[in-house]
Amino acid sequence: MDALDREIAGLRAEGRAFAVATVVRTLEATSAKPGAKALVSADGEILAGWVGGGCIRGAIGRAAREAVADGETRFLSLRPEEILEAEGVAPGEERAGVRFARNGCPSKGSMDVFVEPVLPRPVLQICGAGPVARALARLGAGFDFDLALAAPGLSAEEAPEGVRLADSYAFDTGADAARFLVIATQGKGDEAALRAALAAGGSYIAFVGSRRKFATLRARLEADGIAPDLLDRVKAPAGLDIKAITPEEIALSILAEIVAARRSPQREAGA
């Protein structure tokens, strides 16, 4: 394992989002050559490696920020200004999936850089020990989530295979992973679980229960100072309307909604 591999392993272990920038082609004189790599933070800062001097770092940093934000790769072509003008291309313009940028380095070379986002596994955390919570945990285990079930009183033997158990209604606020939080307490600690989810924040927060029940909880929380716009983010009742009745059907409707949110091209920063 070389130094860059160790850095990647460390960032993954910390749950950090980052991008790998790889030089794939160069023309004329450039300081970095094909195969050169750098790790770039979600904020666009070079963390390790080398892909060139300060004259190209701004463009690579912007591409990395965008790639981490939407989970899509970027192909960046950095060229001297006179070459861009000769080809009728403006800096920042994109053609056929290639983003063009100005290379202001004195060497006047050109280079193409592939920027690939590396995102931590999304977190699915469920509060509750009832049938819906357990059904959702069973279904979610097959969708590559870092899955946790906060179910006080539930034994390890009763928990679905591969699901972490927590003994309190608390949500992991882990580094950069997208978080999907579901309150399926169904009358047993609803308010405590909802408060914990609102404090943690996430890409998706849902409450399993009727609109009337959530309205009662909302009024209580608003009276206690919780901002209305924060409560507006809670999906209640949870899940898509598929006329679900059984716990398994309700869990399916919630998981389908989570998948739709997960695959959306826009994620909240830091979620």
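Because the structure is predicted, anything quoted here is derived from the model rather than measured. (Residues numbered from 1 in each chain as written. Predicted model: local features only at pLDDT ≥ 70, side-chain atom pairs only at ≥ 80, totals over all residues. Heavy atoms only, no water.)

Engineer: For this particular structure, what's the right way to read the sheet that holds strand E2 (residues 37-41)?
Structural biologist: What the 7 strands build is an open sheet, ordered E3-E2-E1-E7-E4-E6-E5; its pairing is mixed. Bordering the open sheet on either side are strand E3 (46-49) and strand E5 (94-95), each of which pairs with just one other strand. Summarising the sheet, strand E4 (residues 74-79) and strand E6 (residues 98-102) pair through 5 bridges and their orientation is parallel. Considered in E6, the bridge of phenylalanine 75 is made with valine 98. Helix H1 (residues 3-13) rests against strand E1 (18-27), E2, E3 and strand E7 (110-118) of the sheet, and its axis sits at about 25° to E2. Seen against the sheet, helix H2 (residues 54-70) touches E1, E2, E3, E4, E6 and E7 and runs at an angle of roughly 165° to E4. (Pairing = 2+ DSSP bridges. Helix = DSSP H or I, 4+ residues; strand = E, 2+ residues; numbered from the N terminus. Contact = heavy atoms within 4.5 Å. Axes fitted to C-alpha atoms, helices over the stretch in contact; angles between N-to-C directions.)

Engineer: In this structure, what is going on with helix H8 (residues 247-262)? I would like to understand it.
Structural biologist: Note that an α-helix has 3.6 residues per turn; residues three or four places apart therefore point the same way. A rise of 1.5 Å per residue sets the reference length of H8, with its 16 residues, at 22 Å; its end C-alpha atoms lie 22 Å apart and thus fit the reference within 8%. Taken residue by residue, H8 has Ala251, Ser253, Ile254, Leu255, Glu257, Ile258 and Arg262 as its buried positions. Buried residues in H8 make contact with strand E8 (123-127), helix H4 (131-140), strand E11 (179-183), strand E12 (204-207) and strand E13 (234-235). (Expected span 1.5 Å × (residues − 1). Buried < 20%, exposed > 50% of the residue type's maximum accessible area, 1.4 Å probe, protein only.)

Engineer: Even after reading the chapter, I still don't get the packing of helix H5 (residues 190-200) against helix H6 (residues 211-223), so can you show me in this structure?
Structural biologist: Each packed pair of helices is defined by two parameters, the angle between the axes and the distance between the axes. Their axes nearest at 11 Å, the elements H5 and H6 cross at an angle of 65°. It follows from the interaxial angle that H5 and H6 lie roughly perpendicular. As H5 runs across H6, the sense of the crossing is right-handed. Residue-level inspection shows Asp190, Glu191, Leu194, Arg195 and Leu198 of H5 in contact with H6, the latter providing Lys213, Phe214, Leu217, Arg220 and Leu221. (Parallel < 35°, antiparallel > 145°, perpendicular 65-115°, else oblique. Left-handed = near helix turned anticlockwise from the far one by under 90°.)

Engineer: How should the pattern of salt bridges be read in this particular structure?
Structural biologist: Two side chains with opposite charge may pair up if their charged atoms get near one another. A complete count under the given rule lists 21 salt bridges for this structure. The salt bridge involving arginine 99 is made with glutamate 66; its shortest N-O contact spans 3.2 Å. Taken together, the residues span a long stretch of sequence, with arginine 99 in strand E6 and glutamate 66 in helix H2 at a distance of 33 residues. Residue classification places arginine 99 among the partly exposed residues on the basis of a relative accessible area of 21%. In this structure, aspartate 146 engages arginine 164 in a salt bridge whose closest nitrogen and oxygen atoms are separated by 3.1 Å. Taken together, the residues span a long stretch of sequence, with aspartate 146 in strand E9 (residues 146-150) and arginine 164 in strand E10 (residues 164-166) at a distance of 18 residues. Judged by its relative accessible area of 24%, aspartate 146 falls in the partly exposed class. Overlapping salt bridges, with partners in common, bring together Glu66, Asp70, Arg74, Glu94 and Arg99 in one network. (Salt bridge = Lys/Arg side-chain N within 4 Å of Asp/Glu carboxyl O.)

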